[in-house]
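Below are the chains, spelled out letter by letter.
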Amino acid sequence: MSNQRQQKPTLTGQRFKTRKRDEKERFDPTQFQESIVQGLNQTGTDLEAVAKFLDASGAKLDYRRYAETLFDILVAGGMLAPGGTLSDDMTRTEFCLFTAQEDIETMQAYAQVFNKLIRRYKYLEKGFEEEIKKLLLFLKGFTESERNKLAMLTGILLANGNISASILSSLFNENLVKEGVSAAFAVKLFKSWLNERDINSVAGNLRKVGMDNRLMELFPANKRSCEHFSKYFTDAGLKELSDFARNQQSIGARKELQKELQEQMSRGDPLKDSITYIREEMKKSNISEQTMIGIIWSSVMSSVEWNKKEELVTEQAIKHLKQYSPLLKAFTSQGLSEVTLLLKIQEYCYDNIDFMKAFQKIVVLLYKADVLSEEAILKWYSEAHVSKGKSIFLEQMKKFVEWLKNAEEESESEEEEAD
């Protein structure tokens, strides 16, 4: 057998061309644009006819490839060049969003056109969101009236769930923010959004995409304060939005406070230093004692790794809370704060199953440490408790509450005898 490697056969003759699908088709929207423009010119301002035309054209025209061209024409009348100006070399139409009447009813009708189109051709959803993001970046290239119409339309689309609130990230563009374009646009946008839905719906959508804490970024860094935001949007008739932003900032401050407290506890900082720090933060962020006792309780309970065994966790909790009872005592100077703390304990023990049997022992410990008064415990027992684990916790507290009531009656009779 020959050791020489056999030569592999080679193909000769006709060279095969590249497969059609591997060739990158040249992007040429001219013909597509002419078809859309012609259709819009024929339908004019009849938006019902526009919706029908777009629906029928989707079967003949390549919406998937030319989505950006399609949306540019519907909004601005022609293809947009970078920066927001219309391309000179292409056909345009006078029947588009930017030439429409500037009122909420007209914008609602336009929103319906987009809604019908995207419901019919679901694959346009992503492209439509990208288009809105792009248009927001081009705001400086549009007239004030064009911006107003786009803002109203965007607010309606957001309210109806046609686009995600993540598109608002385009408004945080430094150039738009610096020149006040972002804030002015946001006013019109939120007004039309709130015209369709309530503030809870707006808040929920903003939270879903992490935009709830970013609204301050609509202003330059030197004006990024709760006071400036509140005044700007309240003066514009959007008090609901300014209250929401203020509340969000307050929540953010509370989270930071809880994080700092947990770090102080893990370092073993003296409790008197923590008390001073908390009092300063309460004053600075205008936090009530009732809110603060909830934050302190959460910090105390999060600062330790709890034993996984139910029989050991109660003992561990008592030891831990004994150590921090002076901190809890410093912020339960009001009866309402004591009841708030009791409710936090009830919720915690219910939500963390290993603590279900520890509730009564924790309450008794804090009573003995003078954190909880008998008035607060009796009020919680008779009327202020919540439904979470109610029957279990009331049963646990029954004997102690009877003892408190007897002690109270004995004290009253002793006072009467003394009189």
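Preceding this paragraph is the structure being described.
Model, not experiment: these values are computed from the prediction. Within each chain, residues carry numbers counting from 1 in the order of the written sequence. Reporting in this predicted model follows two pLDDT cut-offs: at least 70 for local features of residues, and 80 or more for side-chain atom pairs to be given and counted; totals over whole chains, interfaces and linings ignore these cut-offs and use all residues. In computing side-chain properties, one takes all heavy atoms of the structure into account and sets aside hydrogens as well as water.

Chemist: What is the right way to look at the side chain of Asp212 in this model?
Modeler: A run of H or I in DSSP counts as a helix once it spans at least four residues, and a run of E counts as a strand once it spans at least two, with each numbered from the N terminus. Note that Asp212 resides in the loop between α9 (199-208) and α10 (226-235). Throughout this description, buried means an accessible area under 20% of the type-specific maximum (1.4 Å probe, protein chains only), exposed means over 50%, and partly exposed covers the range between. The charged-residue count follows a simple rule in which Lys and Arg add positive charge and Asp and Glu add negative charge, with His and chain termini not counted at all. A pairing counts as a salt bridge when a side-chain nitrogen of Lys or Arg comes within 4 Å of a carboxyl oxygen of Asp or Glu. No salt bridge is formed by the buried Asp212; the nearest opposite charge belongs to Arg207, separated by 4.2 Å. In protein, a polar contact means a hydrogen-donor-capable atom and an acceptor-capable atom, both N or O and within 3.5 Å, with residues adjacent in sequence counting only if both atoms are side-chain atoms; elsewhere, any N or O pair within 3.5 Å suffices. In this structure the side chain of Asp212 is engaged in a polar contact, spanning 2.9 Å, whose partner is the side chain of Gln248.

Chemist: Mind showing me how you'd approach the pattern of salt bridges here?
Modeler: When charged atoms on two side chains of opposite charge get close, those side chains can pair. On inspection of all chains with the given rule, the structure shows 19 salt bridges. Among the ionic pairs, Glu217 bridges to Arg214, the shortest N-O distance being 2.8 Å. Lys272 is paired through a salt bridge with Asp273; the nearest N and O atoms lie 3.6 Å apart. In the salt-bridge network here, residues are joined through shared partners; they are Glu68, Asp72, Glu131 and Lys134.

Chemist: How should the packing of α10 against helix α11 (residues 239-267) be read in this particular structure?
Modeler: Packed helix pairs are specified by the crossing angle of their axes together with the interaxial distance, meaning the distance between the axes. Angles here are taken between N-to-C directions and fall from 0 to 180 degrees, while the axes themselves are lines fitted to C-alpha atoms, restricted in helices to the stretch in contact. The N-to-C vectors of α10 and α11 enclose an angle of 165°; their axes lie 7 Å apart at closest approach. Relative to α11, the element α10 is oriented roughly antiparallel. Handedness of the crossing formed by α10 with α11: right-handed. Contacts between α10 and α11 involve Cys226, Glu227, Phe229, Ser230, Phe233 and Thr234 from the first element and Lys239, Leu241, Ser242, Ala245, Arg246 and Gln249 from the second. Polarity classes work like this: nonpolar for Ala, Val, Leu, Ile, Met, Phe, Trp, Tyr, Cys and Pro, charged for Asp, Glu, Lys and Arg, and polar for all others, with Gly in that last group. A per-class count over the contact of α10 with α11 returns five nonpolar, four polar and three charged. Should an angle fall under 35 degrees it is called roughly parallel, over 145 degrees roughly antiparallel, and 65 to 115 degrees roughly perpendicular, with every other angle called oblique. Note on convention: the crossing is left-handed when the near helix lies turned anticlockwise from the far helix by less than a right angle, right-handed when the turn is clockwise. Note on contacts: a residue pair is in contact if any heavy atoms of the two residues lie within 4.5 Å.

Chemist: Can you walk me through the packing of helix α14 (residues 310-330) against helix α16 (residues 359-368) in this structure?
Modeler: Across the interface, α14 lies against α16 with an axial gap of 10 Å and an inter-helix angle of 30°. Between α14 and α16, the angle falls in the class roughly parallel. Regarding α14 and α16, the two cross each other, and that crossing is right-handed. Note on element contacts: α16 touches α14 through Lys361, Ile362, Leu365 and Leu366, opposite Thr314, Ile318, Leu321, Lys322, Ser325 and Leu328. Each residue belonging to the contact of α14 with α16 can be placed in one class, and the counts come to six nonpolar, two polar and two charged.

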